Amino acid sequence: MAKKQKIYGRPEALSSSVMHYCAGCGHSLVHKLLAEVMDELHIRDKTIGVAPVGCAVFAYYYLKCDISEAPHGRTPAVATGLKRVRPGRIIFSYQGDGDLAAIGMCETIHTANRGENITVIFINNTVYGMTGGQMAPTTLVKQQTPTCPAGRETATMGGPIRVCELLNTLDRPFYIERTALDGIHGILKTKKALLTAFKAQMDEKGYSFVEILSPCPTYFRLSPEDSLKFVKNELSRHFPVRVFRKEGVVIND
Amino acid sequence: MTGNEALAEGAVRAGCRFYSGYPITPQNEVPAYMAKRMSECGGTFIQAESELAAINMVLGAAAAGARAMTSSSSPGISLKQEGISYLAGCQLPAVIANVQRGGPGLGSIDPAQGDYFQATKGGGHGDYHTIVLAPMSVQEMHDFTINAFRLADKHRIPVTILADGRLGQMMEPVYLHRGPPPPPPPKPWTLTGARNRRPNWIRSLLVNEGELEKHNYKLQKCYHEIARRETRCEEMHAASCDLLVAAWGTCARIAKGAVLAARARGWKVGFYRPITLWPFPAKRLATLARQVKGILTVEMNCGQMLEDVRLAAGGEAQIFFSGYPGGKVPSESEILKTIYKNTRRLSKIRTRRPE
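These lines cover the structure that appears in this document, whether it is placed above or below. Remember, predicted model here, so these are calculated numbers, not experimental data.

1. What about a positive patch on the surface?
All names here are of chain B.
Inference 1: Together, Lys-341, Arg-344, Arg-345 and Lys-348 make up a positively charged patch on the protein surface.
Inference 2: By secondary structure assignment, the location of Lys-341 is in helix 12 (residues 332–352).
Inference 3: Among the residues examined, Lys-341 registers a relative accessible area of 49% and is labelled partly exposed.

2. Brief notes about the packing of aromatic side chains
Inference 1: Per the counting criterion, the structure on display carries 15 aromatic pairs over all chains.
Inference 2: One aromatic cluster is present, built from ring pairs that chain together Tyr21(A), Phe58(A), Tyr60(A), Tyr61(A), Tyr62(A) and Trp201(B).
Inference 3: Its end group placed over the ring of Phe244(A), Arg242(A) keeps NZ or CZ at 4.3 Å from the ring centre.
Inference 4: Over the face of the ring belonging to Trp189(B) we find Arg156(B), whose NZ or CZ atom lies 4.2 Å from the ring centre.

3. Quick word on unusual backbone geometry
Inference 1: A cis amide bond, omega 5°, links Thr25(B) with the succeeding residue Pro26(B).
Inference 2: Along the chain, Pro26(B) falls in the loop between strand 1 (18–21) and helix 2 (29–40).
Inference 3: Cis rather than trans, the peptide bond between Trp278(B) and Pro279(B) has omega equal to -5°.
Inference 4: Tracing the backbone shows Pro279(B) in the loop between strand 11 (276–278) and helix 10 (282–291).
Inference 5: Of note, the phi angle at Glu247(A) is positive, near 50°, even though the residue is not glycine.

4. Brief notes about the pairing of strand 9 (residues 243–246) of chain A
Residue and element names in this part refer to chain A.
Inference 1: As paired elements, strand 7 (residues 175–180) and strand 9 share two bridges and run antiparallel to each other. Across the sheet, residue Glu-177 finds its bridge partner in strand 9, namely Val-243.
Inference 2: The pairing of strand 9 with strand 10 (residues 249–250) spans two bridges and is antiparallel. Residue pairing for strand 10: Lys-246 is matched across the bridge by Val-249.
Inference 3: Between strand 9 and strand 10, which pair antiparallel one after the other, the connecting turn spans two residues, and Glu-247 there sits at a positive phi close to 50°.

Calculation criteria
- Residues numbered from 1 in each chain as written.
- Chains lettered and ligands numbered in written order.
- Predicted model: local features only at pLDDT ≥ 70, side-chain atom pairs only at ≥ 80, totals over all residues.
- Heavy atoms only, no water.
- Patch = residues over 30% accessible without salt bridge, like charges linked within 9 Å, V, L, I, M, F, W, Y side chains within 5 Å.
- Areas by Shrake-Rupley, 256 points an atom, 1.4 Å probe, with all protein chains shown as cover.
- Salt bridge = Lys/Arg side-chain N within 4 Å of Asp/Glu carboxyl O.
- Lys, Arg positive; Asp, Glu negative; His and termini not counted.
- Charge placed at Lys NZ, Arg CZ, Asp CG, Glu CD.
- Helix = DSSP H or I, 4+ residues; strand = E, 2+ residues; numbered from the N terminus.
- Buried < 20%, exposed > 50% of the residue type's maximum accessible area, 1.4 Å probe, protein only.
- Phe/Tyr/Trp six-rings, centres within 6.5 Å; stacked < 30°, edge-to-face > 60°.
- Lys NZ or Arg CZ within 6 Å of the ring centre and 35° of its normal.
- Pairing = 2+ DSSP bridges.

What follows is the structure, given as structure tokens:
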């Protein structure tokens, strides 16, 4: 009998807890990718995460690394404090669009501008998930949410903010990429982006930022399958999936 | 050196190696001093983008195990309250210096004592306290800061230094603390990377049934322990007087002079000053209230510590109040006049009542 070889399994850095996320939610997928990245880089025992307020607030239940909480939006500030005290550790902040682009926009921009040697993982699903699908800074024009029931209109609510593009105007970030969880190809690209971002930090190159367009079937009010199509067809149109900055150099279209 | 500088040097000598802050008058000498000293001693100084960022950088630094501090003045402290509540909830040791100015709102940049309620009754959301130390001299700005770091580490609690613009700006000679900083207790809870141990979590979110109640009772137990062991006050002729003058911080310093002047005139006046505003030294004041006829509270506000004085006195003594809420620092002679007025009021009360 041929010897069995294990070629795929649960990453070591991922706990065996059953996740609380909704069916088809992108968080569980990104958690898994993150755990795989920690395993492959052998950094689980020197990684410290900062979990956000919102759906991913229980990230510590799922990732087997040291984790701190942070008040809503202050995640990059907490990460800054951790990194400055423990420069030899790998620090990541994990944030949703409300946390990162609304209440925490100030911290987001200034942390990037200081070029803090941390990795920021930005889950963009265009809504506030935990509080009930309300409008986020990234909600698409005409997209309906409980707080823009007739659909977002730019005249009074402004347009969806493109965070990668905004951060790309700064001098200090080292790596900025936007990916999408819109299928196998997108998932693999996301993992590659996370690997690049963490490697950049390990090499002490500075601030790395990965925006991940992610499905929220519950508040898209779509099936998990149609949510992926929504990410692919609608989100990716407004938020182009690409590398914005590599090795500290701005990449043009 | 100035009070602000003495405070900052105290932090350095207490082993503080992380400071983040945001400019606001009248505490600007603190970040300026720390910017220089942190680079000299291999610590971290960050001028944050806001007070919110500053206090949360402290949260991260404390979670990583550093002795960390931030400072600000009244409106800036209001912004930091969110982070202070989280520090308390997460049981993280840190030091927050409030060099008070006039309020509410933008108020003025003059010294005031209007943040007593905010500092001692919580300030942010939830059932929590911070230890609150009230210095009254430049020397105490230095000494209390060193003690603040010791207390913070000992009890895993944020500690507030509640000073004011007068103390921050005035210059006095200071004996600087010599010798190594107080050694911190072991901190197995810090985030250092989960090598050969289970992952550590720093959190205040406890949503499972009964978890938060248990956590809050644990915090309350810690507060009771602090109240039992760390309560401090200063007194002078307090047990042998008719009128006890109660004051804190800058007001206490001036009131002490006024009490000495009053006693030189033969008036039966004593002095009582809480050093820890929280825990408030209520037990001692309750004892004193039974021995004296009246208590005069003097503050640079509209009567905030006055409420704790009333509670502690429990109706055992007449309570008088003199307040200066406009950013003005009272002079010794003004307080002396108030003492005189209230001593006379006391004697009238005595004569009206049959023995």
